[in-house]
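Coordinates in review
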Amino acid sequence: MTLASSQRKLWLVSLFKHIILRFVCCVFTSWCVVMAPHCIGEDTSPFFPIGIYGVSNVEDLETVHRAGFNCVKGPSNRAFLDKAASLGMRVIASPQSSFDTPEKLKNFHDADSHPALLSWYLVDEPDMHRTPPWKVAMDQRRLKAVPAHSPVSLVLYDGAHSDDYGAIPDILMVDHYPVPWMPLAHFAQHMNWARNAIPQHKPLYGVLQAFNWYYFRDVLPGVTDFRVPTLEELQCMTFMALAEGVDGLIYYTLRSGDWDLLEHPDTWNALQQVIRSVKENEYLLTAERQWWIPAAKVTPFEKRRNAALESSISMTLFKDGDGLKHLLLINTTPHSLTLRIRLPEAAHGWASVFQKDTPFGGFQSENVCLIPFKSYQVRLLKGFEPVTFDLP
């Protein structure tokens, strides 16, 4: 064997070992990325973020924690992260823009390894700002090379752009704030586009509107009927996101510019009520969506489609960890509707709890049920027990 061929053989063996090592590292890193956002500290139970933007002060952490939030978009300084950890909360934080001094690098590594850090917030709405995907990918690689061991997240303003940006971050977030300038049904549409564009194992967070566009009116020229989302709209958007299989709910925002959510007690109280309803039905957060083609009809006939040209009433079948089926029904329109539906498999189990004096009107032949819906109403058939979110 010549010296050249021997060296070539050693080089090939070395290259093969390097490829195998890189593959193992990639698999392990992917597993960590998937699992890390869902665990905190030594607790291995699933972590479902219910968060809010605009929390920049340590004092605000107590306020949002009492309101039911377990996650915030906030700073990465040690005092903030320590306080969040003491409350069992997680933080989505923006990294500093440079690492050109030992002190900056140390601060970054301290935050990166902190148990309260959920992810690094890479960039906000690059699609709206027309930042090309290749540049966002370069920024992500630069952050990982520091190195950043925590997951990296970014938010898009249009779920349709997930095809272009969705492969870049470890966690994809999509915001869509439709009130009052767009139909509410478009919110679910954007979540659906994003969920279908990325792998099922990649976390997707829905970012929901909890503010009045009047405080950012320069972004919406021509719009004049500004208002905050109602309680019904907040509830509808929240459960539409869950129906689309999101892995986190983040609300925008506690504070930004002249907007201060705490100065709008009706909206703040409504948001807390929505968070309570999510937690009361928390099995939906980890339940699996089931394949199901509904046999249903919505009346009045002319209202059977919403503004996204989909069924006016969203119908999603879930199966929880105990194997029980749950049916989430959402009126995605401002109209009063009636749903005539044949319940899914094991319909006799559902039928046993519906009597003729129920508000649903009882069952007709072949387990067909007539269910009335108010504007944006959410109904949940919970196992064998009907649950209705009757909003005041």
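To be clear, the structure that these remarks concern was listed above.
Read on for an overview of the structure. Quick caveat: nothing in here was measured; it's all calculated off a predicted structure.

1. What about the packing of helix H2 (residues 58–66) against helix H3 (residues 78–86)?
In the contact formed by H2 and H3, the axes pass within 9 Å of each other and the chain directions differ by 25°. Between H2 and H3, the angle falls in the class roughly parallel. In the packing of H2 onto H3, the handedness of the crossing is right-handed. Within the contact between the two elements, H2 uses Val58, Leu61 and Glu62 and H3 uses Ala79, Phe80, Lys83 and Ala84. Its residues assigned to classes, the contact of H2 with H3 shows five nonpolar, no polar and two charged.

2. What to know about the nonpolar core
Counting 96 residues, the largest nonpolar core has Ile52, Phe69, Met173 and Tyr251 as its most contacted members. Sorting elements by how many residues they give to this core places helix H8 (residues 231–243) first, with nine residues. Non-local contacts of Met173, meaning those with residues more than four positions away in its chain, are made with Tyr53, Ile92, Tyr121, Ser153, Leu154, Val155, Leu156, Tyr205, Val207 and Ile250. Judged by nonpolar contacts, the second largest core, of 15 residues, contains Ile313, Leu329, Leu337 and Phe373.

3. Here we look at the sheet that holds strand S3 (residues 90–93)
A barrel is described by the order of its strands in space; here eight strands give the closed sequence S1-S2-S3-S4-S5-S6-S7-S8, paired in parallel fashion. Across the sheet, the mean angle separating the axes of adjacent strands is 25° when strand polarity is ignored. Relative to strand S5 (residues 152–156), strand S4 (residues 117–124) is paired through three bridges, and the arrangement is parallel. Its bridge partner lying in S5, Trp120 is registered against Val152. Against the sheet, helix H5 (residues 133–144) engages S4 and S5, with an angle of about 145° to S4.

4. Some thoughts on H2
Among all positions in H2, only Asp60, Leu61 and Val64 are buried. In a view along the axis of H2, the buried residues occupy a sector of 110°, so they form one face of it. In H2, the exposed positions that point more than 90 degrees away from the buried face belong to Glu59 and Arg66. Where H2 is buried, its residues touch strand S1 (50–52), strand S2 (71–74), H3, strand S9 (255–256) and helix H9 (265–280).

Definitions and cut-offs
Residues numbered from 1 in each chain as written. Predicted model: local features only at pLDDT ≥ 70, side-chain atom pairs only at ≥ 80, totals over all residues. Heavy atoms only, no water. Axes fitted to C-alpha atoms, helices over the stretch in contact; angles between N-to-C directions. Helix = DSSP H or I, 4+ residues; strand = E, 2+ residues; numbered from the N terminus. Parallel < 35°, antiparallel > 145°, perpendicular 65-115°, else oblique. Left-handed = near helix turned anticlockwise from the far one by under 90°. Contact = heavy atoms within 4.5 Å. Nonpolar A, V, L, I, M, F, W, Y, C, P; charged D, E, K, R; others polar. Core = buried A, V, L, I, M, F, W, Y, C linked by side-chain atoms within 4.5 Å. Buried < 20%, exposed > 50% of the residue type's maximum accessible area, 1.4 Å probe, protein only. Pairing = 2+ DSSP bridges. Arc of directions from axis to C-beta.

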